[in-house]
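Chains, contacts and geometry: an overview
Single-letter residue listing:
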Amino acid sequence: MRIRTTVRTTALPLLMAGALLAAGCAKEDDEAPPSPGKPRTVTSVSGCGKGSWTDPADLTPDRAPARCAPRTPAPRPLAKERSLTIATGTLSAEYVAPLQMALEKGEFKKEGLNVDLKVLPTPDALPLLAKGDIDAQWAAPEAAVMNGITSGFDIKWTAGNFSPGPHSKSGLWVRLKKDETAAHVPMAGRTLGTMIGKGSVIAYPMNRALKQHGGGLDEITFQQLGSADVLTALRNGGTDAAWLLDPVWRKVDGDKKYAFLGGQPRGEPLGGLLFGPNLLKKDPDAGVALLRAYIRTVNTYFAGDYKADQAFARELAELLKTDEDVLRSTPSLRMDWEIRAGTTDRLQDAYRAAGVSEGAKVPESKAVDRALYEEAVGHK
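Keep in mind that this is a model prediction, so the values were computed, not measured.

**Focus on the state of the cysteines**
- By the definition in use, this model includes one disulfide.
- Here cysteine 48 is linked by a disulfide to cysteine 68, with a sulfur-sulfur distance of 2.1 Å. When the S-S torsion is 110 degrees, as for the bridge of cysteine 48 with cysteine 68, the disulfide is right-handed. Taken as a pair, cysteine 48 in the loop between helix H1 (13-29) and strand E2 (82-88) and cysteine 68 in the loop between H1 and E2 lie far apart in primary sequence, 20 residues in all. The two residues cysteine 48 and cysteine 68 agree in class, both being buried.

Listed below in structure tokens is the structure:
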């Protein structure tokens, strides 16, 4: 198992835009990627029956995520071992746990894959993914990704990651004023502290929650804060509201001075695996093998309330290098490899409202490819 923890500093927004444009130009000068071959053969997969696929148009919050039997889909080792590099922004966040566990349990090795996790911020990794210098990215279709696709990057979102559990309160919290309740909090004109910028996928659920309370991304003032400062600013009046992540929201949960206004939509993953030209066109067999190992890991270790198993929670905490009590203080994530219909459209609407989108809206067909994970579970 190899895990490279090289961390690079995120560039300033202007430099980020320049890097994206430069990489796009470099890609145009390179030899064009090979055109897709014949349609891939999809066969049934033992252990992956009817429940291994759900209709992408199903957006009901209580939708049961797709699942196969534990330890399936079974490995189908590649004829020749393949080394892959996956970029990720962190190795300690819980949503990265399936990748970490797949490495720990040798699930990638079973497919003939030698996987290297490399810590890189999304703006740094994106041009490398488009050029084929790395193979995949554990991230999300953020504004920078969609703008990159607009500029010619051959990148697609190929698998989901998670949605929150029904009892999660990770999301938008507000400090209540006199006579306000959680049911009625006028948000227009207020300040919001967050460590996540407007170009993040969180812009979508944030905008939705704000609109439910008479606001919107264009009607509030953002305060970019460090992770350690967001809660402090909310408590001392430095900001009116804040986007609180796991497990920080537990610090205000139950306090009547604060109200939870909403978080990521249940049943709708907003990130996961992004593939570049290497796995989309040059070697889709390796792409399917990677997804097969990832899906098998979810089915085996993260199929339900994985934190209810104390031994597994302890193992997971050690793997993520976090405190077990902190890990278990928040509900289990609903790991979900599927991508819902229309998610990239809703994300782009939020980016446009936040003023961080460029050009025309990218159609879903150019941003999403469900075919490889469907092949992995045998869905035709």
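**Re the pairing of strand E10 (residues 241-244)**
- Across the two faces of E10 the burial is the same, with Ala241 and Trp243 and Ala242 and Leu244 all buried.
- Pairing of strand E7 (residues 171-175) with E10 involves four bridges; the strand directions are antiparallel. Bridging across to E10, valine 174 finds its partner in alanine 241.
- Relative to E10, strand E8 (residues 191-194) is paired through two bridges, and the arrangement is parallel. Bridge pairing in E10 links leucine 192 to alanine 241.

**Notes on the pairing of E8**
- Relative to strand E9 (residues 221-224), E8 runs parallel, the two sharing four bridges. For leucine 192, the partnering residue across the bridge sits in E9 and is phenylalanine 222.
- Crossover connection from E8 via helix H6 (residues 203-211) to parallel E9: handedness right-handed.

**Concerning the packing of aromatic side chains**
- What the rule picks out here adds up to seven aromatic pairs.
- Judged by centre distance (6.1 Å) and plane angle (10 degrees), the rings of tyrosine 301 and phenylalanine 312 are stacked. Of this pair, tyrosine 301 sits in helix H9 (residues 284-301) while phenylalanine 312 is found in helix H10 (residues 310-320), placing the two residues eleven residues apart along the sequence. The pair formed by tyrosine 301 and phenylalanine 312 is uniform in burial state, with each residue classed as buried.
- Look at phenylalanine 302 and phenylalanine 312: their rings are 5.5 Å apart centre to centre, the planes differ by 75 degrees, and that puts the pair in the edge-to-face class. Linking phenylalanine 302 in the loop between H9 and H10 with phenylalanine 312 in helix H10, this pair joins segments that are ten residues apart in sequence. Comparing phenylalanine 302 with phenylalanine 312 shows no difference in burial state: the two are buried.
- Every member of this aromatic cluster is reached through a ring pair, and the members are Tyr301, Phe302, Tyr306 and Phe312.

**Details of the sheet that holds E8**
- Spatially, E9-E8-E10-E7-E11 is the arrangement adopted by the five strands of the open sheet, whose pairing is mixed. At either margin of the open sheet sits one strand with a lone partner, and together these are E9 and strand E11 (258-263). Each strand axis lies, on average, 25 degrees off the axis of its neighbour in the sheet, ignoring direction.
- In the packing of H6 onto the sheet, contacts are made with E7, E8, E9, E10 and E11, and the angle to E11 comes to roughly 125 degrees.

**Brief notes about the pattern of salt bridges**
- For the coordinates displayed, the defined rule picks out 23 salt bridges.
- In this structure, the salt-bridge partner of glutamate 375 is arginine 40, at a minimum N-O distance of 2.7 Å. Taken as a pair, glutamate 375 in helix H14 (residues 371-377) and arginine 40 in the loop between H1 and E2 lie far apart in primary sequence, 335 residues in all.
- One salt bridge in this structure joins lysine 169 and aspartate 253, with 3.0 Å as the shortest N-O distance. Of this pair, lysine 169 sits in the loop between strand E6 (162-163) and E7 while aspartate 253 is found in the loop between E10 and E11, placing the two residues 84 residues apart along the sequence.
- Judged by relative accessible area, aspartate 253 falls into the partly exposed class, the value being 31%.
- Each of the salt bridges in this network shares a partner with another, and the network as a whole consists of Glu107, Lys110, Glu111, Arg292 and Arg296.

**So, the confidence of the model for the protein**
- On average, residues of the protein carry a pLDDT of 89, and 90% of them reach 70 or more.
- Low pLDDT, under 50, characterises residues 1-35; the stretch is placed with 53 contacts to residues that sit more than four places away or in other chains.

**Concerning the side chain of threonine 85**
- Along the chain, threonine 85 turns up in strand E2.
- Take threonine 85: its relative accessible area is 17%, and that puts it in the buried class.

**A few points about helix H5 (residues 143-150)**
- Counting buried positions along H5 yields seven of eight residues, so the element is predominantly enclosed.
- Trailing H5 by a residue or two, glycine 152 shows a phi angle of about 115 degrees, which is positive.

**A closer look at unusual backbone geometry**
- In this structure, the amide linkage connecting threonine 72 to the following residue, proline 73, adopts the cis form with an omega of 0 degrees.
- Relative to the helices and strands, proline 73 is located in the loop between H1 and E2.
- Each neighbour pair has its own omega, and for aspartate 246 with proline 247 the value is -10 degrees, a cis peptide bond.
- Note on placement: proline 247 falls in the loop between E10 and E11.
- For arginine 71, which is not glycine, the phi torsion reads 65 degrees and is therefore positive.
- With respect to the secondary-structure elements, arginine 71 resides in the loop between H1 and E2.

Parameters at a glance
- Residues numbered from 1 in each chain as written.
- Predicted model: local features only at pLDDT ≥ 70, side-chain atom pairs only at ≥ 80, totals over all residues.
- Heavy atoms only, no water.
- Disulfide = S-S within 2.5 Å.
- Helix = DSSP H or I, 4+ residues; strand = E, 2+ residues; numbered from the N terminus.
- Buried < 20%, exposed > 50% of the residue type's maximum accessible area, 1.4 Å probe, protein only.
- Pairing = 2+ DSSP bridges.
- Right-handed = clockwise from strand over helix to strand, strands pointing away.
- Phe/Tyr/Trp six-rings, centres within 6.5 Å; stacked < 30°, edge-to-face > 60°.
- Axes fitted to C-alpha atoms, helices over the stretch in contact; angles between N-to-C directions.
- Contact = heavy atoms within 4.5 Å.
- Salt bridge = Lys/Arg side-chain N within 4 Å of Asp/Glu carboxyl O.
- pLDDT = per-residue confidence, 0-100.

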